[in-house]
Amino acid sequence: MLTMNLEGLEMIAVLVVVVVFVKVLEQFGLLETDYDDSVEDELELSAVRHRPEGLEQLEAQTRFSRKELQILYRGFKNECPSGVVNEDTFKDIYAQFFPQGDASTYAHFLFNAFDTDHNGSVSFEDFVMGLSILLRGTVQEKLIWAFNLYDINKDGYITKEEMLDIMKAIYDMMGKCTYPVLKEETPRQHVEVFFQKMDKNKDGVVTIDEFIDCCQNDENIMRSMHLFENVL
């Protein structure tokens, strides 16, 4: 049971993805430390449907070491032999971790955040690029990633409706597992408070600068940024 109030919901609303990603890593077998160099050959030569970039390129593009990328690829390939993850896989993973709630909508939004080229699948490159930001990125990079999660239609702004959609998805996923149990109107109440605080110029939308500035001045959110930096 998770103790949750309005302030706690505000913190988890920005980077809830990091919290549950520890479990996703375990699901993919990515927290194992035993590996061998043959994984490099798999990464370079594997005849999967999607052939990933070479290790050197991914090492340059992420904050993961060569060995860490080998571990990540082993787990990814074991879970997804085709070399890509589809949205149903994301939904299945989150459903396992939140059996008392409905994680499908949140998993949909999260999948879209990882599917950066919007082709309906998440490749190994997509996966490690997002993971690198969430686990090793700067505060600014993490907040930009979180902003893009909230910016559902990718127009560069967060509307109150988009924020409410994300908050309802989080509520559906976690609301019944909290103490005290969140009331049905809690997401809307939270969005009203949080949106007004973010929308500095009161124009009805939140820009990325407003989002980053508000989050950087919130101690709870800043603390949440550093919770899982040493997971892998």
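All values derive from a computational prediction rather than experimental measurement.

Novice: In this structure, what is going on with the overall build of the protein chain? I would like to understand it.
Specialist: In terms of regular secondary structure, the protein chain is built from 12 helices and 6 strands. Looking at the protein chain as a whole, 48% of its 232 residues are labelled buried. Taking contacts inside the protein chain between residues at least 6 apart in sequence as the whole, the part at least 24 apart equals 70%. For the protein chain, the exposed area adds up to about 11100 Å²; of that, 49% sits on carbon and sulfur atoms.

Novice: Would you mind going over the side chain of E125 with me for this structure?
Specialist: For E125, the position within the fold is in helix α7 (residues 124–136). The exposure class of E125 is buried, given its relative accessible area of 12%. Separated by 3.2 Å, the side chains of E125 and S123 make a polar contact.

Novice: In this structure, what is going on with unusual backbone geometry? I would like to understand it.
Specialist: One can expect most non-glycine residues to show negative phi and most peptide bonds to be in trans. The phi torsion at H118 lies on the positive side, around 55°, for a residue other than glycine. Following the sequence through the fold, H118 ends up in the loop between α6 (104–114) and β3 (122–123). Of note in this structure, K154 is not a glycine but carries a positive phi near 55°. Positionally, K154 belongs in the loop between α8 (139–150) and β4 (158–159).

Novice: Please explain the nonpolar core as it appears in this structure.
Specialist: Note that soluble globular proteins tend to have their nonpolar side chains buried in a common cluster. Of all hydrophobic cores here, the largest spans 55 residues; its most connected members are F90, Y94, Y106, V128, M163, M198 and F211. Residue contributions to this core peak at 8 residues, all from helix α9 (residues 160–174). Apart from residues no more than four positions distant in its own chain, M163 is found in contact with Y150, I158, V191, F194, F195 and M198.

Novice: What's the story with the packing of aromatic side chains in this structure? I'm lost.
Specialist: Each aromatic ring pair is summarised here by two numbers: the centre-to-centre distance and the angle between the ring planes. A complete count under the given rule lists 10 aromatic pairs for this structure. An aromatic cluster of at least three residues, connected via ring pairs, comprises Y73, F76, F90, F111, F114, F124, F127 and W145.

Novice: Explain the pattern of salt bridges here, please?
Specialist: A side chain of one charge can pair with a side chain of the opposite charge if their charged atoms are brought near each other. Taken as a whole and judged by the stated rule, the model has 7 salt bridges. Among the ionic pairs, E59 bridges to R66, the shortest N-O distance being 3.8 Å. On the basis of relative accessibility, which here comes to 26%, the residue R66 falls in the partly exposed class.

Novice: Can you help me understand the confidence of the model for the protein chain in this one?
Specialist: Predicted coordinates in regions of low pLDDT should not be interpreted in detail. Across the protein chain, pLDDT averages 77, with 71% of residues at or above 70. Ranking the elements of the protein chain by mean pLDDT puts strand β1 (residues 2–3) last with 42 and strand β6 (residues 205–206) first with 97. The low-confidence segment residues 1–16, where pLDDT is below 50, has 53 contacts with residues more than four positions distant or belonging to other chains. The model gives residues 44–49 a pLDDT under 50, and that stretch makes 15 contacts with residues more than four places away or in other chains.

Novice: Can you help me understand the packing of α6 against α9 in this one?
Specialist: Between two packed helices, what matters for the description is the angle formed by their axes and the separation of those axes. For the pair α6 and α9, the least separation of the axes is 7 Å and the interaxial angle reads 130°. By the angle class used here, α6 and α9 are oblique. With respect to the hand of their crossing, α6 and α9 are arranged in left-handed fashion. Contacts from T105, Y106 and F109 in α6 reach D165, I166, A169, I170 and M173 in α9.

Novice: So what exactly am I meant to see when it comes to the environment of L55 here?
Specialist: Structurally, L55 can be placed in helix α3 (residues 55–61). Taking the C-alpha atoms as reference points, L55 and K67, separated by 12 residues in sequence, lie 9.4 Å from one another.

Novice: In this structure, what is going on with the UniProt feature "domain: EF-hand" (unreviewed entry) in the protein chain? I would like to understand it.
Specialist: According to UniProt, the feature "domain: EF-hand" (unreviewed entry) maps to residues 102–137, 138–173 and 186–221 in the numbering used here. End C-alpha to end C-alpha, residues 138–173 measures 27 Å, and it is 72% helix and 6% strand. Secondary structure within residues 186–221 divides into 69% helix and 6% strand; the distance between the first and last C-alpha atoms comes to 19 Å.

Novice: I'm lost on the environment of L149 in this one. Help?
Specialist: Along the polypeptide, L149 turns up in helix α8. Sequence-wise, L149 and A113 are 36 residues apart; in three dimensions their C-alpha atoms are separated by 5.4 Å. The residues touching L149, leaving out its near neighbours within four places in the chain, are Y106, F109, L110, A113, K154 and I166.

Parameters at a glance
Along each chain, numbering runs from 1 in the same order as the chain's sequence is written. Whole-chain, interface and lining totals are the exception, using all residues; otherwise, since this is a predicted model, local features are given only for residues with pLDDT of at least 70 and side-chain atom pairs are given and counted only at 80 or more. Side-chain numbers here rest on the full set of heavy atoms in the structure, without hydrogens or water. Numbering of helices and strands runs from the N terminus; a helix is a DSSP stretch of H or I covering at least four residues, while a strand is a stretch of E covering at least two. Burial classification: accessible surface area is computed with a 1.4 Å probe over protein chains only, and a residue below 20% of its type maximum counts as buried, one above 50% as exposed, and the rest as partly exposed. We call two residues in contact when some of their heavy atoms are within 4.5 Å. For the area figures, the Shrake-Rupley method with a 1.4 Å probe applies, and any residue is considered shielded solely by the protein chains shown. In protein, a polar contact means a hydrogen-donor-capable atom and an acceptor-capable atom, both N or O and within 3.5 Å, with residues adjacent in sequence counting only if both atoms are side-chain atoms; elsewhere, any N or O pair within 3.5 Å suffices. We call a set of buried residues a nonpolar core when its members are Ala, Val, Leu, Ile, Met, Phe, Trp, Tyr or Cys and they connect through side-chain atoms within 4.5 Å of each other. When the centres of two rings from Phe, Tyr and Trp lie within 6.5 Å, Trp using its six-membered ring, the rings pair. Their planes under 30 degrees apart give stacked, over 60 give edge-to-face, and anything left gives tilted. Salt bridges are counted wherever a side-chain nitrogen of Lys or Arg sits within 4 Å of a carboxyl oxygen of Asp or Glu. Confidence scores per residue from the predictor, reported as pLDDT, run from 0 to 100. As a rule, the C-alpha atoms of each element are fitted with a line to give its axis, helices using only the stretch in contact, and angles between N-to-C directions run from 0 to 180 degrees. The labels follow the angle: roughly parallel below 35 degrees, roughly antiparallel above 145, roughly perpendicular from 65 to 115, and oblique for the rest. Take the far helix as the reference: if the near one is turned anticlockwise from it by less than a right angle, the crossing is left-handed, and if turned clockwise, right-handed. UniProt positions are given in the numbering used here, feature names are shortened, and annotations may be inferred rather than shown by experiment.

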